[in-house]
Amino acid sequence: MTATRWSPTDSAYQARLLRAHEDLRANTELRGGRELVRPPVLASWRRSLAALPAGALRTGEALDGEGLAAARQAHLFSAVLPLLRSRLIDPAVEAGLMVALGDATGRLLWVEGRPPLLSRADDMGFAPGADWSESAMGTSAPALALTTASSMQVVGAEHFHEAVHPWSCSAVPVLHPHTRETLGVLDVTGSTEAVSPLVLPLLEATARAVQEELRSRLPVGAAEPARTHTSRPRILPRSPAGPAELLLTGRRAPLLRQGCRSLELSGRHAELLTLLHLRPGGISGAELAEQLHGSIAAEGTVRAEMVRLRTMLSAVPGLEIASRPYRLLGPVDSDLQRARAALERGDVEAALEHWSGDLLPASEAPAIRRWDRQLGDHLRELLLEVGTAAQLWRFAQRPEAEADLELLLAILELAPANAPERSAVVARARALRGESG
């Protein structure tokens, strides 16, 4: 008898998995057993069934707010976020996938991707602070990678819980460079593209790079894997003070960077820093209240928020907030200011590079949304006036341009007859007009 061969994305295999799930729900032995389901997946299903009888989830309480911020700050991944972004997060998100960074227990600390994908993922509980261990959510790539201490892929109906069947994921564990204990997990989730042949090598190379970076920062025997979220990691030399950088556009999670350090900002802190950054001469509490909350009556709330922001900035050398009026002290650059400068000089390529999407897309602050409309409209008009077909097509891939028929028609006017994007542009334009193919 020849060994069973599995192609996890194959429709016939996925159909067999659905029949196996029916057996699980009926509490009967799987028909076909090892011949039906890949062995590591089958073993995980059995563990999941023991931990989650009748398929009930035991997600526990998700971390959010200060609890999530503390967990992130305590984890060693926070020390190498710039490396993780350049090696893994940015290219994966650009490819339309999500990236999750989890701790050794399966708690997701960071989840990044384009807003529409993140919104869908939220619906199944795949979000920062959620517990995605095997005992909480059943079979998934991050859970299996942690359980088996090896690289894993889980496709569609291989997931234990039905809500996760539309998704596929690849994950690898990350080990402490000295103790070799598991520090956490790197995961890529999305369509079947998340289990393409290129994804696991990318994850494994990133895990090795993280381990080498930590090896260079961690004195032997001086630090252990982060097992709790009660204290900050003790392993990083403090970076010398230098210019800070705000990354505010096209990001669900805005960042404050300084040298090799990277700090993820809460929504309110990002809004306050953005408005202070845009008003280098200073801004009153009443103005901030109106711009953030729509009413000067919220000035007391702003004062309390400013106290918390000052506390957060105490960890950033050379950056602080003065009072009367409020103003940001210390050198600060941002993708927002670089985009503004590019727009003023008519540099389309630089504007596209620095304005990577909506300004603080999760913010509902009136002033933030006004700035977003003003600069987004400026970029669009500049593209329509002087942009090339390739530049217009790049912009058309963004969520805010999905229904922009004028933009699509401009691409068709400029693109050569043999341009590969023409067929996609025509299809989108027809769909927007309600025309059939």
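Bear in mind that the values here come from a model prediction, so they are computed numbers and not experimental data.

**Concerning the overall build of the protein chain**
A count of helical and extended segments in the protein chain gives 17 helices and eleven strands. Expressed as a percentage of the 437 residues in the protein chain, the buried residues total 50%. Sequence-distant contacts in the protein chain: of pairs separated by 6 or more residues, those separated by 24 or more amount to 60%. Accessible area of the protein chain: about 20400 Å², with a carbon and sulfur share of 52%.

**Looking at the sheet that holds strand β5 (residues 182-190)**
If you trace the five strands from one edge of the open sheet to the other, you get β2-β1-β5-β4-β3, paired in antiparallel fashion. Edge strands, defined here as strands with exactly one partner in the open sheet, are β2 (108-112) and β3 (152-155). With direction set aside, neighbouring strand axes in the sheet form an average angle of 15°. Across eight bridges, strand β4 (residues 168-175) lies against β5 in antiparallel orientation. The residue bridging Ser-168 from the neighbouring strand is Gly-190, located in β5. Across the face of the sheet, helix α8 (residues 199-217) comes into contact with β3, β4 and β5 while running at roughly 20° to β4.

**Examining helix α2 (residues 39-51)**
For α2, spanning 13 residues, the distance from its first C-alpha to its last is 18 Å, which sits close to the expected 18 Å at 1.5 Å a residue. All buried positions along α2 are accounted for by Val-41, Leu-42, Ser-44, Trp-45, Ser-48 and Ala-51.

**Brief notes about the pattern of salt bridges**
As enumerated under the stated definition, the model contains 18 salt bridges in all. Connected through salt bridges with shared partners, the residues Arg-72, Arg-85, Glu-112 and Glu-264 form a single ionic network.

**Concerning empty space enclosed by the protein**
Per the counting criterion, the structure on display carries one cavity of 30 Å³ or more. Taken as a whole, the largest cavity encloses approximately 40 Å³ of empty space. What lines the largest cavity is simply Met-124, Phe-126, Trp-132, Ser-140, Pro-142, His-159, Val-164, Trp-167, Cys-169, Asp-187 and Thr-189. A breakdown of the residues in the lining of the largest cavity according to their chemical character gives seven nonpolar, three polar and one charged.

**Topic: the nonpolar core**
The biggest cluster of nonpolar side chains holds 58 residues, and the ones touching the most others in it are Leu-309 and Leu-313. Setting aside residues up to four positions removed in sequence, Leu-313 forms contacts with Leu-256, Leu-273, Leu-319, Ile-321 and Leu-328. Counting 31 residues, the second largest nonpolar core, distinct from the first, contains Ala-71, Leu-81, Leu-83 and Val-199.

**Concerning the packing of aromatic side chains**
Aromatic ring pairs: the centre-centre distance and the angle between the two ring planes describe each pair. In this structure the tally under the stated criterion is one aromatic pair. On the numbers, 5.0 Å between centres and 85° between planes, the contact of Phe-126 with Trp-132 is edge-to-face. Considered together, Phe-126 and Trp-132 belong to a single accessibility category, that of buried residues.

**Structural notes on the sheet that holds strand β6 (residues 244-247)**
Sheet strands pair via backbone hydrogen bonds, and the direction of the pair is either parallel or antiparallel. Read across the open sheet, the four strands follow the order β8-β7-β6-β11; overall the sheet is mixed. Taken across any chain shown, the strands that pair with only one partner, and hence form the sheet edges, are β8 (261-264) and β11 (332-334). Taking each pair of neighbouring strands and ignoring which way they run, the sheet shows an average axis angle of 25°. Across the face of the sheet, helix α12 (residues 335-345) comes into contact with β6 and β11 while running at roughly 65° to β11.

**Here's the deal with the packing of helix α10 (residues 285-293) against helix α11 (residues 299-313)**
The interhelical angle for the contact between α10 and α11, taken along N-to-C directions, is 95°, at an axis separation of 8 Å. When the interaxial angle is binned, α10 and α11 end up roughly perpendicular. When α10 is examined against α11, the residues Gly-285, Ala-286, Leu-288, Ala-289, Leu-292 and His-293 are found in contact with a partner set consisting of Glu-299, Thr-301, Val-302, Glu-305 and Met-306.

**With respect to helix α17 (residues 422-433)**
Between its terminal C-alpha atoms α17 stretches 16 Å, which fits the 16 Å expected from twelve residues at 1.5 Å a residue. Two residues or fewer past α17, Gly-434 is found with a positive phi of approximately 75°.

**Quick notes on the environment of His-293**
As for its placement among the helices and strands, His-293 is situated in helix α10. Sequence separation of His-293 and Glu-364 is 71 residues, and the distance between their C-alpha atoms is 8.8 Å. For His-293, the residues in contact, after removing those within four places along its chain, are Arg-268, Leu-288, Ala-298, Thr-301, Val-302, Glu-305 and Pro-366.

**Here's the deal with the side chain of Thr-249**
Residue placement: Thr-249 occurs in the loop between β6 and β7 (255-258). Separated by 3.0 Å, the side chains of Thr-249 and Asp-335 make a polar contact. Here His-354 takes part through its backbone oxygen, which lies 3.1 Å from a polar atom of the side chain of Thr-249. Sequence-distant contacts of Thr-249, that is, excluding residues within four places in its chain, are made with Asp-335, Leu-336, His-354, Trp-355, Ser-356, Gly-357, Asp-358 and Leu-359.

**A word on the side chain of Arg-107**
Tracing the chain through its elements places Arg-107 in the loop between β1 (98-103) and β2. The buried charged residue Arg-107 lacks any salt bridge, with Asp-131 as its nearest oppositely charged partner at 5.1 Å. From its side chain, Arg-107 meets the backbone oxygen of Gly-129 in a polar contact 2.7 Å long.

**Digging into the packing of helix α9 (residues 267-278) against α11**
Direction vectors running N to C along α9 and α11 enclose 90°, while the axes themselves pass 10 Å from each other. Accordingly, the angle class assigned to the pair α9 and α11 is roughly perpendicular. Mapping the contact onto sequence places Arg-268, His-269, Leu-272, Leu-273 and Leu-276 in α9 and Glu-305, Met-306, Arg-308, Leu-309, Met-312 and Leu-313 in α11.

**Some points on unusual backbone geometry**
Cis rather than trans, the peptide bond between Arg-324 and Pro-325 has omega equal to -5°. Its location among the elements puts Pro-325 in the loop between β9 (320-322) and β10 (327-329). The phi torsion at Ala-149 lies on the positive side, around 60°, for a residue other than glycine. Secondary-structure assignment places Ala-149 in the loop between α7 (141-148) and β3. Phi angles above zero are rare outside glycine, and Arg-324 is one such case at about 50°.

Here is what the cut-offs are and how they apply
- Residues take numbers from 1 onward in each chain, read along the sequence in its written order.
- Local features in this predicted model are restricted to residues whose pLDDT is 70 or higher, and side-chain atom pairs enter the listing and the counts only when it is 80 or higher, whereas totals over whole chains, interfaces and linings include all residues.
- Values shown for side chains rest on all heavy atoms present in the structure; no hydrogens or waters enter the calculation.
- Helix numbering and strand numbering both begin at the N terminus, where a helix is a DSSP run of H or I of at least 4 residues and a strand a DSSP run of E of at least 2.
- For each residue, the accessible area found with a 1.4 Å probe, counting protein chains only, is set against the maximum for its type, and the residue is called buried under 20%, exposed over 50%, and partly exposed in between.
- Every residue pair with non-hydrogen atoms within 4.5 Å of one another is taken to be in contact.
- With residues, only the protein chains shown are counted as cover, and all accessible areas are computed by Shrake-Rupley using a 1.4 Å probe.
- A pair of strands counts as paired when DSSP detects no fewer than two bridges linking them.
- The angle between two axes is taken between their N-to-C directions and runs from 0 to 180 degrees, where each axis is a line fitted to C-alpha atoms and a helix contributes only its stretch in contact.
- By definition here, a helix of n residues has an expected span of 1.5 Å times n minus one.
- Note on definitions: salt bridges are taken to be side-chain nitrogens of Lys or Arg within 4 Å of carboxyl oxygens of Asp or Glu.
- Put simply, the grid is 1 Å and covers the protein atoms alone, a cavity is a trapped set of points that fit a 1.4 Å probe, a pocket is an open set with protein on both sides within 12 Å along at least five of seven lines, and lining residues have an atom within 4 Å of a point.
- Grid points are joined across faces, edges and corners, and a volume is the space filled by probe spheres set on the points.
- Note on residue categories: nonpolar means Ala, Val, Leu, Ile, Met, Phe, Trp, Tyr, Cys or Pro, charged means Asp, Glu, Lys or Arg, and polar means any other residue, Gly included.
- To form a nonpolar core, buried Ala, Val, Leu, Ile, Met, Phe, Trp, Tyr and Cys residues must be joined to one another through side-chain atoms within 4.5 Å.
- Put simply, two rings from Phe, Tyr or Trp (the six-membered ring, in Trp's case) pair if the centres are within 6.5 Å, and we call them stacked under 30 degrees between planes, edge-to-face over 60, tilted for the rest.
- Angle categories: roughly parallel below 35 degrees, roughly antiparallel above 145, roughly perpendicular from 65 to 115, and oblique for all the rest.
- Here a polar contact is recorded for every N or O atom pair within 3.5 Å, except that within protein the pair must consist of a potential hydrogen donor and a potential acceptor, and residues adjacent in sequence are included only if both atoms are side-chain atoms.
- Here the positive residues are Lys and Arg and the negative ones are Asp and Glu; neither His nor the chain ends is included.

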